[in-house]
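Each chain, written out:
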Amino acid sequence: LGMPTTRTGTAPRRRTRRIMVGSVPVGGDAPVSVQSMTTTLTADVNATLQQIAELTAAGCQIVRVAVPSADDAAALPAIAKKSQIPVIADIHFQPKYVFAAIDAGCAAVRVNPGNIKKFDDRVGEIAKAAADAGIPIRIGVNAGSLDQRLLEKYGKANADALVESALWECSLFEEHGFTDLKISVKHHDPLVMIAAYRKLSARCDYPLHLGVTEAGPAFQGTIKSALAFGVLLADGIGDTIRVSLSAPPVEEVKVGIQILESLGLRERSLEIVSCPSCGRAQVDVYTLAEQVTAALDGFKVPLRVAVMGCVVNGPGEAREADLGVASGNGKGQIFVKGKVVKTVPESQIVETLIEEAMRLAEEMEGS
Ligand code: SF4
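Computed from a predicted model, the values in this text were never measured in an experiment. (Residues numbered from 1 in each chain as written. Predicted model: local features only at pLDDT ≥ 70, side-chain atom pairs only at ≥ 80, totals over all residues. Heavy atoms only, no water.)

## Some remarks on the sheet that holds strand S10 (residues 240-242)
In spatial order, the strands read S8-S7-S6-S5-S4-S3-S10-S9; together these 8 strands make up an open sheet with parallel pairing. Where the open sheet ends on each side, the last strands, each with one partner, are strand S8 (181-186) and strand S9 (209-210). (Pairing = 2+ DSSP bridges. Helix = DSSP H or I, 4+ residues; strand = E, 2+ residues; numbered from the N terminus.)

So this is what it looks like as structure tokens:
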């Protein structure tokens, strides 16, 4: 009979413990959240807050900031206080910054077992400080900084090595009664990453933070992340996601949101259904689709807008959408909720679609 599926065709979400990252629930039946990481110097409070504001506007729900120096740690109270979304302090090597981040009011701390040998003796203190503050800790294992002992044992940072590292670090916290944890096991190879998360998911019920690390520039990184997250999320694995791109972090958020929307794990805000164009096209579909997308960017009302190049599939898709255009003979038939409401010259297609989108949005908000 196969696995039961949800309405969207994905497997039911795997039941994980629920933790709170500030006001954002992660795990349990909480919706999958999207996070990113700032690229500014954390010590530059204004620049970091500015970037956090841009990320928030793009839909980012949790933000992580790197804390490599004392100046960065000193900036955390102001950043944690003024950020509109929960701030996670990302800490390697220096246990003292973990305590600084907790005191600063950060919503969580990320530590890396491969880079925290010095931490192991202090796990008890860290667990107590985090428990007293009521904040979770992310155990963030990364293939590029795997514990030397495990590298020797497995020969390379394979899925088993990543999982063992994560569960070992969790066990240290568990010994102190601390289970307010979430885990990531990142690898640059989507196949290894998928295998690691599957194994991890079978062995614990901590919420999982998905990431393909060092995924590459925007185009390659988007494809790797979409593929890996898609496979895992469709299997019900994953509670929060971070797309890593060598590109501005707002792009990471946009990609993350698109992945969730494409899997039906989040309601779409705006969906543009546009055809690839072909020899039958009677209008410049690329330009038209780009203009419509740009004009409706940031539109919050869930609308499906079809931009179609000719009458082959045009009227059908346009009719299925909330709003659409089917082009032909230098004109565009404008559809609203399945009915042709007007036919306009090609030069007026974009403005007419925008007008109709605004009108529909008002109606939907009013209803
Ligand atoms: Fe080609 Fe028309 Fe299909 Fe667009 S809608 S791809 S122009 S056949």
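## Remarks on the pattern of salt bridges
Taken as a whole and assessed by the stated rule, the structure comprises 18 salt bridges. Asp132 serves as the salt-bridge partner of Lys128, at 2.7 Å between the closest nitrogen and oxygen. With Lys128 and Asp132 both in helix H4 (residues 123-133) and 4 residues apart, this pair spans about one turn of that helix. Residue Lys128 shares its accessibility class with Asp132, and that shared class is exposed. Glu271 is the salt-bridge partner of Arg304, the closest N and O atoms lying 3.5 Å from each other. Remark: Glu271 occurs in strand S11 (residues 270-274) and Arg304 occurs in strand S12 (residues 303-308); sequence separation between them is 33 residues. For Arg304, a relative accessible area of 34% puts it in the partly exposed group. Several salt bridges converge on common partners, so that one network encompasses Glu261, Arg268, Glu271 and Arg304. (Salt bridge = Lys/Arg side-chain N within 4 Å of Asp/Glu carboxyl O. Buried < 20%, exposed > 50% of the residue type's maximum accessible area, 1.4 Å probe, protein only.)

## Overview of the UniProt feature "binding site: [4Fe-4S] cluster" (unreviewed entry) in the chain
What UniProt calls "binding site: [4Fe-4S] cluster" (unreviewed entry) maps, in this numbering, to Cys275, Cys278, Cys310 and Glu317. Counting through the fold element by element, Cys275 comes out in the loop between S11 and helix H10 (285-295). Among all residues touching Cys275, those that are not within four sequence positions of it are Val285, Val307, Met308 and Gly309. Position of Glu317 relative to the elements: it lies in helix H11 (residues 314-320). The contacts of Glu317, once residues within four sequence positions are left out, are Val273, Ala306 and Met308. (UniProt positions renumbered as here; feature names shortened; annotations may be inferred. Contact = heavy atoms within 4.5 Å.)

## Quick look at the site of the ligand
In the vicinity of the ligand, the contacting residues are Cys275, Pro276, Ser277, Cys278, Arg280, Ala281, Met308, Gly309, Cys310, Val312 and Asn313. Its residues placed into classes, the shell around the ligand shows 7 nonpolar, 3 polar and 1 charged. (Near = heavy atom within 4 Å. Nonpolar A, V, L, I, M, F, W, Y, C, P; charged D, E, K, R; others polar.)

## A few points about unusual backbone geometry
Excluding glycine, residues mostly have negative phi values, and the peptide bonds linking residues are mostly trans. Backbone geometry places Ser277, a non-glycine residue, at a positive phi of 75°. Along the chain, Ser277 falls in the loop between S11 and H10. A residue is classified by how much of its surface remains accessible, and Ser277, at 26% relative accessible area, is partly exposed. Positive phi outside glycine occurs at Lys337, with the angle close to 45°. Considering the arrangement of structural elements, one finds Lys337 in the loop between strand S14 (331-336) and strand S15 (339-345). Taking relative accessible area as the criterion, Lys337 reaches 46% and is therefore assigned partly exposed.

## Thoughts on the pairing of S14
Of the pairings in the sheet, the one linking strand S13 (residues 323-328) to S14 comprises 6 bridges and is antiparallel in character. Counted as the bridge partner of Leu323 is Val336 from S14. What sits between S13 and S14 in their antiparallel hairpin is a turn of 2 residues, with Asn329 showing a positive phi close to 55°. Summarising the sheet, S14 and S15 pair through 6 bridges and their orientation is antiparallel. Within the sheet, the bridge partner assigned to Gly332 lies in S15 and is Val344. Hairpin geometry of S14 and S15 is characterised by an intervening segment of 2 residues between the two adjacent antiparallel strands and by a positive phi of about 45° at Lys337.

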